[in-house]
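# Architecture at a glance
Residues per chain are reported as follows:
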Amino acid sequence: MIRVIVCGVLLRFALHATAQLPQPSQQYDDQAILGNRAILYWKADDREITFEIIANTNGWVGIGISPNGGMKGADIITGWVKNGNGFLQDRYGIGEVQPKLDAHADWILLGAKEIGSYTVLKVKRALDTCDDLEDLPIDETLVRVIWAVGFDDPNSPADLQRHDERGAESLFLLTQYKESTPPNDAKTFDVKMERVLATSRTSDTVYQCKYVKLPRYNRKHHVVKIIPRIVEENKGIVHHMLLYECPRYTESHANSLDGKIFDCGENSDQVMPCVGVVAGFALNEESYDYPAHAGYAVGADDSPNVFVLEVHYDNPTFNSRRGGRKRNPFTLLLCYY
């Protein structure tokens, strides 16, 4: 189950360094653990962003900026070190296949080396490359960062083998994290996914989406903290969750959508009706906190009044347990201003 608290937003990651782990080449504003395979450091100014990724592999490393946590439409880089030489490729995701090379390389390789069992890549890119076809701008909104590693170097720059591990994280790349404490008068509401089968007859991977109508408010409020909660019995099958905002609907249309569940995700022909990502969580991710004096507006005349909650269930054992069967999997805590 997921509990969301509304009050600013940004992830904080516990950094588990070891004596063997290489140190970054400079001071960075923030960092994130990518699965248990890599650490991503980053620093940005008003024009460009610098990444340094330290991955536990002597093969290739890939990271990308994704519109929804998948490969399709993602701005991706892949890099590796071979015979002491660093290689970097700017790519563009077209689906669950090898991403194609970008027609214009906008990522710049600043450094590449191998230290023991680790590969270290340092790169930079403009926040907005003006390449609307194959790049995504980086701004202060929530970003889905995808990552992948291969355990072997490519035989040639054109021969990129399939990844051995991959994942996705939800990050605020341009907003420094600071945990917040909601005001004493903060209110909450739940965004739930209940009574949904976490498997199908043909696949162990299932995406389910649900429309959730927001409560009616008599004035503007702000979501300042979002906390995910997954009930213990579902922790082995919930892969990730995304919360999307929809265009503002009429009250009658919003009421007609509320509670409807539909198939979605990369394996569905259903076109996602709502595309703005409000929050995203993978397993074991903690709360999002908006910066002080900031928040996600609700209750205004032009604010969204419907969300879509997407849950990706990964159920390789075809366990028939239902996601969120007894308890609420997603909760929003609203702070009033």
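Refer to the structure printed above.
My aim in this report is to walk through the structure given alongside it, one point at a time. (Residues numbered from 1 in each chain as written. Predicted model: local features only at pLDDT ≥ 70, side-chain atom pairs only at ≥ 80, totals over all residues. Heavy atoms only, no water.)

### Comments concerning the overall build of the chain
Assigned secondary structure in the chain consists of one helix and 24 strands. Among the 337 residues that make up the chain, the fraction classed as buried is 51%. Look at the contacts in the chain between residues 6 or more apart in sequence, and 75% of them connect residues 24 or more apart. Summed over its atoms, the accessible surface of the chain is roughly 16100 Å², and 47% of this surface lies on carbon and sulfur atoms. (Helix = DSSP H or I, 4+ residues; strand = E, 2+ residues; numbered from the N terminus. Buried < 20%, exposed > 50% of the residue type's maximum accessible area, 1.4 Å probe, protein only. Contact = heavy atoms within 4.5 Å. Areas by Shrake-Rupley, 256 points an atom, 1.4 Å probe, with all protein chains shown as cover.)

### Some remarks on the packing of aromatic side chains
Summed over all chains, the structure comprises five aromatic pairs. With a centroid separation of 5.7 Å and 25 degrees between ring planes, the pair formed by Phe51 and Trp107 is classed as stacked. In this pair, Phe51 sits in strand β4 (residues 48-55) while Trp107 sits in the loop between β8 (100-101) and β9 (108-115), placing the two residues 56 residues apart along the sequence. The exposure classification of Phe51 matches that of Trp107, with both residues buried. (Phe/Tyr/Trp six-rings, centres within 6.5 Å; stacked < 30°, edge-to-face > 60°.)

### Some points on the state of the cysteines
A covalent bond between the sulfur atoms of two cysteines is what we call a disulfide. Tallied over the full model, the rule gives two disulfides. The partner cysteine of Cys246 in its disulfide is Cys274, sulfur to sulfur 2.0 Å. Here the disulfide of Cys246 and Cys274 is right-handed, its torsion about the S-S bond being about 95 degrees. Remark: Cys274 occurs in the loop between β18 (261-263) and β19 (276-282) and Cys246 occurs in the loop between β17 (238-245) and α1 (251-257); sequence separation between them is 28 residues. Each disulfide in the chain links cysteines that, numbered along the sequence, combine into the pattern 1-3, 2-4. (Disulfide = S-S within 2.5 Å.)

### Some details on the sheet that holds strand β3 (residues 38-44)
Spatial ordering of the open sheet is given by β2-β3-β4-β10-β9, a layout of five strands whose pairing is antiparallel. Strands with a single pairing partner mark the edges of an open sheet, and in this sheet they are β2 (30-34) and β9. If you compare each strand with its neighbour and ignore which way they point, the axes differ by 15 degrees on average. One ladder, built from eight bridges, connects β4 with strand β10 (residues 118-126); its direction is antiparallel. In the strand pairing of β10, Ile49 is matched with Arg125. (Pairing = 2+ DSSP bridges. Axes fitted to C-alpha atoms, helices over the stretch in contact; angles between N-to-C directions.)

### Looking at the side chain of Lys213
By secondary structure assignment, the location of Lys213 is in strand β15 (residues 205-213). Only 3.0 Å separates the side chain of Lys213 from the side chain of Glu251, close enough to count as a polar contact. (Polar contact = N/O pair within 3.5 Å; in protein donor to acceptor, adjacent residues only side chain to side chain.)

### Describing the environment of Ile237
Relative to the elements of secondary structure, Ile237 occurs in the loop between β16 (221-228) and β17. It is 5.3 Å that separates the C-alpha atoms of Ile237 and Tyr313, two residues lying 76 residues apart in sequence.

### Things to note about the sheet that holds strand β12 (residues 165-171)
Read from one edge to the other, the open sheet built from six strands follows the order β8-β7-β6-β5-β11-β12, with strand pairing classed as antiparallel. Two strands bound the open sheet, and with one partner strand each, they are β8 and β12. Across six bridges, the pairing between strand β5 (residues 61-66) and strand β11 (residues 143-149) is antiparallel. Within the sheet, the bridge partner assigned to Gly64 lies in β11 and is Ile146.

### So, the nonpolar core
Membership of the largest hydrophobic core comes to 42 residues, with the highest contact counts inside it found for Phe307 and Val308. At the level of secondary structure, the elements contributing two or more residues to this core comprise β15, β16, β17, α1, β19, β21 (296-298) and β22 (306-314). Element by element, the count of residues in this core is highest for β22, at six residues. Counting 24 residues, the second largest nonpolar core, distinct from the first, contains Ile53, Val123, Val149 and Leu173. (Core = buried A, V, L, I, M, F, W, Y, C linked by side-chain atoms within 4.5 Å.)

### Here's the deal with the pattern of salt bridges
For the structure on display, the rule yields six salt bridges. In this structure, Lys43 and Asp29 form a salt bridge, with 3.3 Å as the shortest nitrogen-oxygen distance. With Lys43 in strand β3 and Asp29 in the loop between β1 (4-5) and β2, this pair connects stretches of sequence that are 14 residues apart. Taking the relative accessible area as the measure of exposure, Lys43 reaches 34% and is therefore partly exposed. Between Lys124 and Glu48 there is a salt bridge, with the nearest N and O atoms lying 3.6 Å from each other. Residue Lys124 is found in strand β10, and its partner Glu48 is found in strand β4; the two are separated by 76 residues along the sequence. Among the charged side chains, a network of salt bridges with common partners joins Lys213, Arg216 and Glu251. (Salt bridge = Lys/Arg side-chain N within 4 Å of Asp/Glu carboxyl O.)

By themselves, these figures tell us nothing about what the structure is for.
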